[in-house]
Amino acid sequence: MTSHQSAQTMKPATAAKKLGVYLEATPAEFQEGVVSRTELNALQADPPEWLLELRRNGPHPRPVVAAKLGISISGLARGGITDALTTEQIDALKRDLPEWLQKERATQAEVRKEAARIKEKNAARGDEGGQAGS
């Protein structure tokens, strides 16, 4: 029995998301074509200059902006940031530290703290369950 493997392809938007770049800032040939899994792997392993430049200076998609600012994507929206930002714009926000960003960082810190508490609680519960059956 022979198996025919067809090349797995994805839309440019999916590939851009996997590469962590803003689709609208990619070259036209990237936006207009389809990207195979092999091509994606090649872009990740040996990024061309345009990809290095986008990752370095942006514009960055909202998930990347949120991560660089240490807040959630929802926090970006609450702060009025709905578009992609460049590294320079992100750095300016970090420098200026507007009130909304301070508030969102505090909220994110609380969310992380609560997630860690729940994880710890669940781990302790799991340990107790294992000992009860012994």
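Here the structure is a predicted model, which means the values were calculated and not measured.

**Q** Quick rundown of the overall build of the protein? Include the residues and the values.
**A** When its secondary structure is counted, the protein shows eight helices and two strands. When the helices and strands of the protein are placed in sequence order, the string is β-α-α-β-α-α-α-α-α-α. Expressed as a percentage of its 134 residues, the buried residues of the protein come to 25%. Nonlocal contacts in the protein, meaning residues at least 24 apart in sequence, comprise 55% of its contacts between residues at least 6 apart. Carbon together with sulfur atoms contributes 51% to the accessible area of the protein, which is approximately 9,300 Å² in total.

**Q** Outline the confidence of the model for the protein, supporting the account with residue identities and numerical values.
**A** Residue-level pLDDT values for the protein average 88, and 90% of them are 70 or greater. In the model of the protein, helix H8 (residues 99–132) stands out as the element of lowest mean pLDDT, 85, in contrast to helix H7 (residues 87–96), which has the highest, 96.

**Q** Before we move on, could you go through the nonpolar core and cite the residues and values that matter?
**A** Met10, Ala15, Ala16, Leu19, Val21, Phe30, Val35, Leu40, Leu43, Leu51 and Leu54 form the largest nonpolar core, which has 11 residues in total. Here alanine 16 is in contact with Val21, Leu23 and Phe30, once residues within four sequence places are set aside. Counting 10 residues, the second largest nonpolar core, distinct from the first, contains Leu69, Ile90, Leu93 and Leu101.

**Q** Could you give me a rundown of unusual backbone geometry, with the residues and numbers involved?
**A** Each neighbour pair has its own omega, and for glycine 58 with proline 59 the value is 10 degrees, a cis peptide bond. With respect to the helices and strands, proline 59 occurs in the loop between helix H4 (49–57) and helix H5 (62–69). A positive phi angle, near 45 degrees, is found at leucine 97, a position not held by glycine. With a relative accessible area of 29%, leucine 97 lands in the partly exposed category.

**Q** Explain the packing of H5 against H7 residue by residue, including any values.
**A** One way to put it is that H5 packs onto H7 with a least axis distance of 10 Å and a crossing angle of 30 degrees. The pairing of H5 with H7 is recorded here as roughly parallel in orientation. Both H5 and H7 take part in a crossing whose hand is right-handed. Between H5 and H7, the residues in contact are Val65, Lys68 and Leu69 and Ile90, Leu93 and Lys94, respectively.

**Q** Lay out the packing of aromatic side chains in plain terms, naming residues and giving numbers.
**A** Under the definition given, this model contains one aromatic pair. Consider the rings of phenylalanine 30 and tryptophan 50, whose centres lie 5.4 Å apart with planes at 55 degrees: the pair is tilted. With a gap of 20 residues between them, phenylalanine 30 in helix H2 (residues 28–32) and tryptophan 50 in helix H4 connect regions that are remote in the sequence. Look at tryptophan 50 and you get partly exposed, because its relative accessible area is 25%.

**Q** Lay out the pattern of salt bridges with the relevant residues and their values.
**A** Applying the stated criterion across every chain yields a total of five salt bridges. For glutamate 110, the salt bridge goes to lysine 113, with nearest N and O atoms at 3.5 Å. Of this pair, glutamate 110 and lysine 113 are both found in helix H8, three residues apart, which corresponds to roughly one turn of the helix. On the basis of relative accessible area, lysine 113 is assigned to the exposed category, the value being 55%.

Calculation criteria
- Residues numbered from 1 in each chain as written.
- Predicted model: local features only at pLDDT ≥ 70, side-chain atom pairs only at ≥ 80, totals over all residues.
- Heavy atoms only, no water.
- Helix = DSSP H or I, 4+ residues; strand = E, 2+ residues; numbered from the N terminus.
- Buried < 20%, exposed > 50% of the residue type's maximum accessible area, 1.4 Å probe, protein only.
- Contact = heavy atoms within 4.5 Å.
- Areas by Shrake-Rupley, 256 points an atom, 1.4 Å probe, with all protein chains shown as cover.
- pLDDT = per-residue confidence, 0-100.
- Core = buried A, V, L, I, M, F, W, Y, C linked by side-chain atoms within 4.5 Å.
- Axes fitted to C-alpha atoms, helices over the stretch in contact; angles between N-to-C directions.
- Parallel < 35°, antiparallel > 145°, perpendicular 65-115°, else oblique.
- Left-handed = near helix turned anticlockwise from the far one by under 90°.
- Phe/Tyr/Trp six-rings, centres within 6.5 Å; stacked < 30°, edge-to-face > 60°.
- Salt bridge = Lys/Arg side-chain N within 4 Å of Asp/Glu carboxyl O.

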